[in-house]
Amino acid sequence: MQMNKLETQLKELRLHGMGQCWQSLVETRRHHELSLDEGLELLLQAEQQQRTNSRFERLRKNARFRYQASIEEVVFDTSRGLDKSQVSQLVTGDYIDKGESVLVTGATGCGKSFLASALGHHACSQGHKVAYHNVQKLLIKTKMARIDGTIYKFFEQLAKTDLLIMDDFGLTRLEKQQQMDMMEIIEDRHGRKATIIASQLPVSNWYNVIGEETIADAILDRLVHSSHRIELKGESLRKKM
């Protein structure tokens, strides 16, 4: 009866990790073998791990990644332009703390989106809020937000995101309002929050994609300087699957 009461109290207090750990200890009869300090330490560790896992799952779900990828799944090959030491440095999350950008370029199918997703997943595991967007769909969202009057709220939401991943940049030239929207997004994040941009085009071609000279200068000035550059090479990985 006493054990059932304890399990009920843990559940009422929403200490689910501790509850599961306690149930396991009872089922294996280990709770008789542990001192109060040892048992409490195990219960607290279980609760902390459960909360960490729950937070990661919530952040991962909200990010809406294109791929469910992990750093462990990334194939490092210098011939592909993927340097393990560079990625290892990014994995520390230092670029997120500093609000720096990561620019990933390469041909279709070379693994840009997968790498960006893997970095995003890892950021979630570190407790960072991440958002993943296809650039064209993102700009459609800004257009719709402007129509329904929620544009400032949407920009504010993007600005507060620890890591913003913008995929497939440069598929089409930006229209006038899209140029302004992109400038607004980048300006809000510059030096404050981290941004990953993946594109089929080399960075040297981004100027033409943006179109308007003054805006292109402003956007690239904020993105390129002090950015981490990854230029993937080789044939499409999809052909090998």
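Described below are features of the structure shown in this document. Keep in mind that what you see is a predicted model, and the values were worked out from it rather than measured.

Regarding its fold elements, the chain presents 11 helices and 5 strands. Since a compact globule built from 241 residues should have a radius of gyration of about 18 Å, the 23 Å found for the chain marks it as more spread out than a globular shape. The C-alpha extent of the chain, read off along each of the three principal axes, is 75 × 50 × 30 Å. Across the 241 residues that make up the chain, the buried fraction comes to 42%. Put simply, 80% of the contacts in the chain that link residues at least 6 apart link residues at least 24 apart. With 34 positive and 32 negative side-chain charges, the chain shows a spacing of 5 Å between the two charge centroids.

Structural remark: α-helix, 3.6 residues per turn; residues separated by three or four positions point the same way. If you check helix 2 (residues 16-27), its first and last C-alpha atoms are 16 Å apart, about what 12 residues at 1.5 Å a residue would give, namely 16 Å. Among the residues of helix 2, Gly17, Met18, Gly19, Cys21, Trp22, Leu25 and Val26 are the ones counted as buried. After helix 2 finishes, the residue arginine 29 shows a positive phi value of roughly 65°.

In this structure, arginine 64 takes a positive phi of about 60° despite not being glycine. The phi dihedral of aspartate 168 is positive, around 60°, even though this residue is not glycine. Its location among the elements puts aspartate 168 in strand 3 (residues 163-169). The exposure class assigned to aspartate 168 is buried, which follows from its relative accessible area of 15%.

Strand order in this open sheet of 5 strands is 2-3-4-1-5, and the pairing throughout is parallel. Among the strands making up the open sheet, the edge pair consists of strand 2 (130-134) and strand 5 (228-231). Each strand of the sheet is rotated relative to its neighbour by a mean of 10°, with strand direction disregarded. Pairing analysis gives 5 bridges linking strand 2 to strand 3, with the strands arranged parallel.

Once that is clear, we can look at the nonpolar core. Counting 29 residues, the largest nonpolar core has Met166, Phe169, Met182, Trp206, Ile210 and Ile219 as the members making the most contacts within it. At the level of elements, helix 7 (135-147), helix 8 (151-160), strand 3, helix 9 (176-189), helix 10 (206-210) and helix 11 (213-224) are the ones that each hand at least two residues to this core. No other element matches helix 11, which puts 6 residues into this core. Not counting the four nearest positions on each side in its chain, tryptophan 206 is found in contact with Leu103, Thr105, Phe169, Ile197, Ser199, Leu201, Leu220 and Leu223. In terms of nonpolar packing, the next biggest core, distinct from the first, is built from 28 residues, Ala69, Val102, Leu115 and Leu232 among them.

Taken together, the side chains of Ile140, Met144 and Ile147 define a hydrophobic patch exposed on the protein surface, amounting to about 330 Å² of accessible area. Along the chain, isoleucine 147 falls in helix 7.

So, on to the packing of helix 7 against helix 8. For the pair helix 7 and helix 8, interaxial distance at closest approach is 7 Å and the crossing angle is 140°. Residues Leu138, Lys141, Thr142, Ala145 and Arg146 of helix 7 form the contact with helix 8, whose participating residues are Ile151, Phe154, Phe155 and Leu158. Broken down by class, the residue content of the contact of helix 7 with helix 8 amounts to 6 nonpolar, 1 polar and 2 charged.

Note on placement: serine 125 falls in helix 6 (residues 112-125). Looking at serine 125, the relative accessible area reads 39%, which means it is partly exposed. Only 2.5 Å separates the side chain of serine 125 from the backbone oxygen of histidine 122, close enough to count as a polar contact.

On to a positive patch on the surface. Together, Lys61, Arg64, Lys137 and Lys141 line one region of the surface with positive charge. Along the polypeptide, lysine 61 turns up in helix 3 (residues 36-63).

About the cut-offs
- Residues numbered from 1 in each chain as written.
- Predicted model: local features only at pLDDT ≥ 70, side-chain atom pairs only at ≥ 80, totals over all residues.
- Heavy atoms only, no water.
- Helix = DSSP H or I, 4+ residues; strand = E, 2+ residues; numbered from the N terminus.
- Rg over C-alpha atoms; globule rule 2.2 N^0.38 Å.
- Buried < 20%, exposed > 50% of the residue type's maximum accessible area, 1.4 Å probe, protein only.
- Contact = heavy atoms within 4.5 Å.
- Lys, Arg positive; Asp, Glu negative; His and termini not counted.
- Charge placed at Lys NZ, Arg CZ, Asp CG, Glu CD.
- Expected span 1.5 Å × (residues − 1).
- Pairing = 2+ DSSP bridges.
- Axes fitted to C-alpha atoms, helices over the stretch in contact; angles between N-to-C directions.
- Core = buried A, V, L, I, M, F, W, Y, C linked by side-chain atoms within 4.5 Å.
- Patch = residues over 30% accessible without salt bridge, like charges linked within 9 Å, V, L, I, M, F, W, Y side chains within 5 Å.
- Areas by Shrake-Rupley, 256 points an atom, 1.4 Å probe, with all protein chains shown as cover.
- Salt bridge = Lys/Arg side-chain N within 4 Å of Asp/Glu carboxyl O.
- Nonpolar A, V, L, I, M, F, W, Y, C, P; charged D, E, K, R; others polar.
- Polar contact = N/O pair within 3.5 Å; in protein donor to acceptor, adjacent residues only side chain to side chain.

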